[in-house]
Amino acid sequence: MRQIKTKTGIGRWLPRKFDREKAAGTLEFTDDLRFGPELLHARAVRSTIARGRILSIDYEDALKVDGVIKVVVGKDFPHHFGLYLKDRTPMAIGQVRYVGESVALVVAESEDAAEEGAAHVKVEYDELEPVFDPVKAATNNDILVHPDLHKYDHVGFVTPQPNTNIATWFRIRRGEVDKAFKETDHFFEETVTCPQIAHGFLETHCCICKHEKASPELTIWTSAQSAFTVREIIAKGIGYPLNSVRVIAPPIGGGFGGKAGMTIEALCLAAAMDPDIKGRPVKLFIPREEVMISSWVRQGYVARIELAVSKEGKIQAIRNSFWFDTGVSAEYGANPVRSAGYTSTGAYYIPNVWTDCYAVYTNKPFGGAYRGFGLPEFMGALELVIDTVANKLGIDPVEFRKRNLLKKGLPTCTGMPMHDHGLESIITKVAQKINYDQKEEPIRPGWKRGKGIALAIKAPAIPADASSSAIVKINGDGTIEVLAATMDMGQGTYSAFAQMVSEEIGVPYDWIKVHFPDTKSHPYDWQTVASRSTWSMGMAVKQAAISAREQIIKLYSEFWEVPEDCISIEYGSVICSKLGKSERLDERIQNGFKMPDGILKGGPIIGTGSFTPPDIVYPDLETGQSPKSVVHFTVGAVGIDVEVDPGTGQIVVNNVAAGYDVGKAISPVGIMGQIEGGTIQGISACLMESMSYDEHGRLLTPDFTDYKIATTMDVPSSVDAFWEEVPEELSPYGNRGVGEHSMISPAPALNNAVYDALGIRIHSYPLSRERVFKAVRALSNGEKDFWEWPYELEQVFRRAKKSWE
Amino acid sequence: MLAFELERPKTLEAALGILADNPGKAVPKSGGTDLIIWMKKRTIHPKILVDLALIKDLSNITISENGRLSVGTNVTLNRLEDYLDEREVLPALIDACRSHSDFTLRNKATMVGNVTAAVPSGDMIPALCCYDAEVETASLEGTRHISVLDFILGPKKNALDPGEIATRINIPLPEVAGTGCYLKSTRRSALDLAQASVACVMLCRTGVTEYRLSCGAVSPIPVRVFEAEKMLRGKSNLTPSLIEHSAELAVEAVNPITDVRSSREYRLQMIRELTKRALALCQKRIQEVA
Ligand SMILES: Cc1cc2nc3c(=O)[nH]c(=O)nc-3n(C[C@H](O)[C@H](O)[C@H](O)COP(=O)(O)OP(=O)(O)OC[C@H]3O[C@@H](n4cnc5c(N)ncnc54)[C@H](O)[C@@H]3O)c2cc1C
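Values in this document were obtained by computation on a predicted structure and should not be read as measured data.

1. Things to note about the overall build of chain B
Counting its regular elements, chain B contains 11 helices and 14 strands. For chain B, whose C-alpha radius of gyration is 19 Å, the value lies close to the compact-globule estimate of 19 Å for 290 residues. C-alpha extents for chain B along the principal axes are approximately 60 × 45 × 35 Å. For chain B, with 290 residues in total, the buried portion stands at 57%. Sequence-distant contacts in chain B: of pairs separated by 6 or more residues, those separated by 24 or more amount to 61%. Entry remark: accessible area of chain B is about 12,400 Å², with carbon and sulfur atoms responsible for 53%.

Given below as structure tokens:
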């Protein structure tokens, strides 16, 4: 007999947690917290050159500014930090490596004084030649961004190559690649490039650090996705025990990976741990213009893909060379490079695989986590190549994809057998939804219309031991509090957890609260990344809820003297139909039950749950092979119908359909939101997003005046979103992640649609109006391919007429 | 952003007094949508902001008996657009208002501010040049009238003397039937500065159709394409070759730069394309009215 009844369990459409407060503007973000007059403010002085030795830092004048109390420089705080590879110090020590790197930190009584003080710090450099082009940096070692690479600590699955600019080199060696290429019927080689892009979250970074004056105790309030990982990186970096570092993560205003791991916290800490400052909280607020140089950006890439295809249209072999432009640090960026590498046949079965994925250091802001984590990059290239090859072979691109699909039981590029999934039916539906088979007339006179499809695939890119734990507390009135250190940054995980708890304990959703993380009270969770939370933390939450329920039922069974299976919890009341009893959960849950034998039993009910993925094996460093390289994959497809104005290069999306196999929709409103949001973000990235630099490595797009993201006027008014539910094996309810996946394939689908519309293949993202216009002109000169080497543009810029003076 | 003092005078005289008393330190503010951002980015460091918003005399739109539209410096773009739209006058300027930023920003941004800012991509400038608009100024020395074409001297440089304020922009309303439009090339469809832009005005004087063409964001100072205007004068039927030739003349009249928003080459191509489209659109609009 099912013991639980609820109307607000998994699969229900419910209002999301905290939406009301967000709409009212009352939710307090880190910058909204108040610390009184004790609070100090910090402001970074940033490098104005891309590479060079620091000769002197003169801050005499800064100290004269009213309110400035201290200036801290790199050598005052020489700790190295990093999640996978400790290649980062909070401030430059001895040399700078990109324009924008922190060189000094001015601490003052007010934000204005700190800003004014920072403007008065004079830094002298001995300039050295920088390197910006990742392929040049990877293949020519004249300029080393990190000459000390061999000294840096790193985890075992990251493979830095000393005396080069290669921070990690991920390899797949599977099958007989050379032979397959030699014997193949058709051979193709294509190159695709994409610049670094930025997350564009609304809330810029903000952090407050306070170190106790008398004892080594540290509290950090920060806009971070992963409170516990901040704690771990900081504690390891400065050699503190974990319980001496408390990290509080208030609600964050969007992350998309940009607030994963540690971002600005160590920089703030450089001030807070200063002997003259200890005891006072220090706040570091990053203004918009400094965000892209203070935190992760998505790595740029240059991808070369070679395919061997048989005359039956079956892919025989693939050879991938991916140069990821990881900028000045790969402490986090090493991992998306791996993630791309161990998924480097996409959603296809390819028997022979050779992959080299490199994270390459350059003198630019640092690459790291970004929604999709290596897969929008990888699939952004592969799905163009698949489309190109299908077109060149005269096979319908949808048919070609289906013919080579990575079906259940077939090995992925790491040798792990693929699990069951609904991709084939998703592809069919996406094609139907955009009328893929029909060549339709453009809606706008003089424009060109086309349609394109691309597949998505991604596994959670987590260390083998990325764990989660949760606590479910039943209050004395039947309401429930959940401590699960996931960050709900708009993806809606807290709603999903509340639905799980409602499903398991039978109390209404509205009675259930999920709290924002505080490492002091919450049990451990690795990170809110990798689309893992509803899966991994979901396991812990479900377990904790079941444990709490079992305790409740056990107590009632003893109290009512009936077997446990006669008791159910329905809509917040405990019921025994046999006895005709129905009682709301009340203070006895907290204070104990006077049992029939007169003894008080029970006490506050706390359910706990812990989860760690049981059987991941890191891919072999030489071959990339592993019996189980990842926990599971989420797959999907995107179809896009576009029109292009040949006169200006403008693209308008008429229609977009996107479907994913989510295993089970726990919170459908959340999934809908994730698919819509990721699709729009992917379209935006494809159409216009690019971090552009001048020939000196200065970011020309530091804020939203020139870093453009799509507005509502640039995207379709709706996204035709849907999902399939082929259950995942090891999962709370069969569910798997979908938060990142919707960002993976809109760009290649759109690019494929533009190819269909124009008949010329654009190999360089983004498809800006100017670039599309240039492609149209190239087409009229008889060309079939168009690409602009992103680093060549810097050279063009060097020669261009840039001002009228 | 560095600290500053905010003055909010209620009369023009008081505003001029503050400016005269604080040479080099005080600057006037209309909507502040350029000014505040420049201050935040530290490209300028005024000690005193003279907010003109409370000066009633500078907050209205009037039409004089001789048909001169006069727009005070506090008039926001949204108010201006509504006003022109209701009266169905100055269509190129209506288009320009609508192409500027987005609706919420237009609740603050002003036309006078757009012109005094003197940024080459200023969206209001080309249409104002086509309509022969002039800037009316005031200082303790008196008032001046300067045509918009002469008012902008270069990027972020205008003809105002220290202590002088732009009080209004005056536009003679065309006495004859006609139409106009403003087209703008951008990286995205809202909230973007022009890569290149073209305003076109068509005036149907009895017997002689007259055209005016002006380009934005492609030259340090405003550009009227007088050569094309001369060639088109009297042509009521715009043939493809006339349109093509006009576009050529427009390209010859401009001198764009390369920056992060666009290359010089693309800007030239867009001037060509937008000129063609603007002329065609005027032709279409005039037929719709007829
Ligand atoms: C998000 C955003 C989007 C934008 N989009 C566009 C766009 O699409 N197109 C565009 O053209 N611009 C755009 N701008 C720039 C700006 O909004 C416009 O130039 C606007 O028209 C300026 O008007 P304002 O009243 O805000 O000027 P203010 O900022 O008040 O002033 C601008 C300059 O003129 C001076 N000034 C102001 N009033 C007077 C006066 N009466 N006398 C003398 N000097 C004066 C000020 O000192 C300052 O130097 C945008 C700005 C933002 C922030």
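Here the narrative resumes.
2. Some details on the packing of aromatic side chains
Residues and elements named next belong to chain A. Taken as a whole and assessed by the stated rule, the structure comprises 29 aromatic pairs over all chains. One Lys or Arg, R171, reaches over the ring of W169 and ends 3.9 Å from the middle of that ring. Geometry around Y755 places R761 over its ring, the cationic atom sitting 4.5 Å from the centre.

3. Points about the interface of chain B and chain A
Across the boundary between the two partners, chain B contributes 34 residues, which contact 33 residues of chain A. Carbon and sulfur atoms supply 52% of the area that chain B and chain A bury against each other, a total of about 2,900 Å² over both sides. As a salt-bridge pair, D645 of chain A and R277 of chain B come within 2.9 Å of each other at their nearest N and O atoms. Seen at the junction of chain B and chain A, the total is 16 residue pairs in polar contact (both at pLDDT 80 or more). Take the side of chain B that touches chain A: its biggest share by element is six residues, from helix α11 (residues 264-289) of chain B. A per-class count over the side of chain B that touches chain A returns 14 nonpolar, eight polar and 12 charged.

4. Topic: the domain arrangement of chain B
All names here are of chain B. Domain annotation of chain B identifies domain 1 (5-50), domain 2 (59-172) and domain 3 (177-289). Computed from C-alpha atoms alone, the centre-to-centre distance between domain 1 and domain 2 is 19 Å. Each partner contributes residues to the interface: domain 1 has 11 residues there, and domain 2 has 14 residues. Around 1,100 Å² of area is buried between domain 1 and domain 2 when both sides are counted, 74% of it from carbon and sulfur atoms. Among the elements that line the side of domain 1 that touches domain 2, the one with the most residues is helix α1 (residues 12-21), at five residues. For the side of domain 1 that touches domain 2, the residue count by class is seven nonpolar, three polar and one charged.

5. Considering the packing of helix α10 (residues 240-253) of chain B against α11 of chain B
Packed helix pairs are characterised by how far apart their axes lie and by the angle those axes make with each other. Residues and elements named next belong to chain B. As a packed pair, α10 and α11 sit with axes 8 Å apart at the nearest point and diverge in direction by 140 degrees. By the angle class used here, α10 and α11 are oblique. Between α10 and α11 the crossing geometry is right-handed. Judged by residue contacts, I243, E244, S246, A247, E248, A250 and V251 of α10 engage L268, I271, R272, T275, K276, L279 and A280 from α11. By residue class, the composition of the contact of α10 with α11 is eight nonpolar, two polar and four charged.

6. Topic: the nonpolar core
Among the nonpolar cores identified, the biggest contains 244 residues, and I234, I505, I552 and L750 of chain A are the most heavily contacted of them. It is helix α14 (residues 533-560) of chain A that contributes the most residues to this core, 13 residues altogether. Discounting chain neighbours no more than four positions away, the residues touching L750 of chain A are I640, V642, I651, V653, I683, C686, L687 and L767 of chain A. The next biggest cluster of nonpolar side chains, apart from the first, holds 43 residues, and it includes L84, L90, M124 and I171 of chain B.

7. Overview of the state of the cysteines
Within the structure shown, the criterion is met by zero disulfides over all chains. Its sulfur unpaired, C181 of chain B is 4.0 Å from the next cysteine sulfur, which belongs to C282 of chain B.

8. Notes on the site of the ligand
Residues and elements named next belong to chain B. With respect to spatial proximity, 32 residues lie near the ligand, and among them P28, G31, T33, D34 and T110 are the closest. At a separation of 2.5 Å, an oxygen atom of the ligand approaches a polar side-chain atom of T33. Between N114 and the ligand, the recorded distance is 2.9 Å, taken from a side-chain N or O atom to an oxygen atom. The protein chains hide 88% of the 980 Å² of surface that the ligand would expose on its own. The biggest single contributor to the shell around the ligand is helix α6 (residues 111-117), with five residues. A breakdown of the residues in the shell around the ligand according to their chemical character gives 14 nonpolar, 13 polar and five charged.

9. So, the sheet that holds strand β5 (residues 95-96) of chain A
Residue and element names in this part refer to chain A. With antiparallel pairing, the three strands of this open sheet are ordered in space as β5-β3-β7. The sheet terminates laterally at β5 and β7 (122-127), the two strands that pair on one side only. In this structure, strand β3 (residues 52-58) lies alongside β5, joined through two bridges in antiparallel fashion. Within β5, the residue paired with G52 across the bridge is V96.

10. Re the domain arrangement of chain A
Residue and element names in this part refer to chain A. When cut into domains, chain A gives domain 1 (4-25 + 466-611), domain 2 (47-128) and domain 3 (300-462 + 617-800). A C-alpha centroid distance of 39 Å is found between domain 1 and domain 3. On the domain 3 side, the residues contacting the 27 residues of domain 1 number 28 residues. Roughly 2,100 Å² of surface becomes buried between domain 1 and domain 3 when both sides are summed, with 68% attributable to carbon and sulfur atoms. By the criterion of area lost to domain 3, the three top residues of domain 1 are W13, S531 and W535, representing 34% of everything that side buries. If you look at where domain 1 meets domain 3, you find zero salt bridges.

11. Notes on the pairing of strand β17 (residues 448-458) of chain A
Residues and elements named next belong to chain A. Most of β17 is tucked away: 10 of the 11 residues are buried. Both β17 and strand β27 (residues 634-644) contribute to a ladder of 11 bridges, which runs antiparallel. Residue pairing in the sheet places I453 in a bridge with G639 of β27.

12. Observations concerning the sheet that holds strand β11 (residues 178-185) of chain B
All names here are of chain B. On the basis of which strands lie adjacent, the open sheet formed by four strands has the order β11-β12-β13-β14 and antiparallel pairing. What marks the edges here is a single partner per strand, and that holds for β11 and β14 (223-224). Bridging between strand β12 (residues 196-204) and strand β13 (residues 209-216) involves eight bridges; their strand directions are antiparallel. Bridge assignment links V198 to a residue of β13, and that residue is C215.

13. Here we look at the pairing of strand β28 (residues 651-661) of chain A
Residue and element names in this part refer to chain A. Most of β28 is tucked away: nine of the 11 residues are buried. By the bridge criterion, nine bridges tie β27 to β28 in an arrangement that is antiparallel. Across the sheet, residue G636 finds its bridge partner in β28, namely Y660. The turn linking β27 back onto β28 is made up of six residues, and G649 within it adopts a positive phi angle of 90 degrees. Relative to strand β29 (residues 720-724), β28 runs parallel, the two being bridged by five bridges. Bridge assignment links A658 to a residue of β29, and that residue is A721. Handedness of the β28-helix α16 (residues 668-688)-β29 crossover: right-handed.

The rules behind these values
Residues numbered from 1 in each chain as written. Chains lettered and ligands numbered in written order. Predicted model: local features only at pLDDT ≥ 70, side-chain atom pairs only at ≥ 80, totals over all residues. Heavy atoms only, no water. Helix = DSSP H or I, 4+ residues; strand = E, 2+ residues; numbered from the N terminus. Rg over C-alpha atoms; globule rule 2.2 N^0.38 Å. Buried < 20%, exposed > 50% of the residue type's maximum accessible area, 1.4 Å probe, protein only. Contact = heavy atoms within 4.5 Å. Areas by Shrake-Rupley, 256 points an atom, 1.4 Å probe, with all protein chains shown as cover. Phe/Tyr/Trp six-rings, centres within 6.5 Å; stacked < 30°, edge-to-face > 60°. Lys NZ or Arg CZ within 6 Å of the ring centre and 35° of its normal. Buried area = accessible area lost by both parts, 1.4 Å probe. Salt bridge = Lys/Arg side-chain N within 4 Å of Asp/Glu carboxyl O. Polar contact = N/O pair within 3.5 Å; in protein donor to acceptor, adjacent residues only side chain to side chain. Nonpolar A, V, L, I, M, F, W, Y, C, P; charged D, E, K, R; others polar. Domains from an automatic or database assignment. Axes fitted to C-alpha atoms, helices over the stretch in contact; angles between N-to-C directions. Parallel < 35°, antiparallel > 145°, perpendicular 65-115°, else oblique. Left-handed = near helix turned anticlockwise from the far one by under 90°. Core = buried A, V, L, I, M, F, W, Y, C linked by side-chain atoms within 4.5 Å. Disulfide = S-S within 2.5 Å. Near = heavy atom within 4 Å. Pairing = 2+ DSSP bridges. Right-handed = clockwise from strand over helix to strand, strands pointing away.

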